[in-house]
Amino acid sequence: AERAKKRFFIEMFSHRWVSPYAPDDWHNTKAAVLVEWAKYRWDCGLATFFWIDFACINQNDIAPGVCMLPLFVSTCNNIICFDSSEYEGRAWCRI
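These notes cover the structure that comes with them. (Residues numbered from 1 in each chain as written. Predicted model: local features only at pLDDT ≥ 70, side-chain atom pairs only at ≥ 80, totals over all residues. Heavy atoms only, no water.)

Attention now goes to the overall build of the protein chain. Each helix and strand in the protein chain was counted, giving four helices and three strands. Scanning the protein chain from its N terminus toward the C terminus, one meets helices and strands in the order β-α-β-α-α-α-β. In the protein chain, which comprises 95 residues, the share counted as buried stands at 28%. Of all intrachain contacts in the protein chain linking residues separated by at least 6 positions in sequence, the fraction that spans at least 24 positions is 69%. A total accessible area of about 6800 Å² is found for the protein chain, and carbon and sulfur atoms account for 60% of it. (Helix = DSSP H or I, 4+ residues; strand = E, 2+ residues; numbered from the N terminus. Buried < 20%, exposed > 50% of the residue type's maximum accessible area, 1.4 Å probe, protein only. Contact = heavy atoms within 4.5 Å. Areas by Shrake-Rupley, 256 points an atom, 1.4 Å probe, with all protein chains shown as cover.)

Along the chain, the position of I57 falls in the loop between helix 2 (53-56) and helix 3 (62-67). Given a relative accessible area of 8%, I57 falls into the buried group. Each C-alpha atom of the pair I57 and M68 lies 9.4 Å from the other, and the pair is 11 residues apart in sequence. With residues up to four places along the chain from it excluded, the contact list for I57 reads W51, I62, G65, V66, L69 and F72.

Below, the structure written as structure tokens:
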């Protein structure tokens with residue numbers, strides 16, 4: 001970010017997993033949206049780092065990562081929500 005003269009920006013990606021074993025669909029729709037968003041943010045002068053639960057929490061032992069969610073949220077500059085019909089029903093998404 002510094003070499004490119006961009007401001008470093010952390011965005012938490014809040015979403016509903018497609019299945020218990022896969023956060024995205026076969027077409028990688030969510031990943032494609034994040035790539036486009038990152039390009040837009042880059043053009044706005046921001047080097048975006050995405051905090052994504054699937055990649056940032058050990059999926060074989062989620063308890064420690066889930067306990068750290070308040071800290072993770074507090075260190076992010078922004079929260080991006082990938083809205084779907086199943087999204088609103090989750091307790092975390094209502095915060």
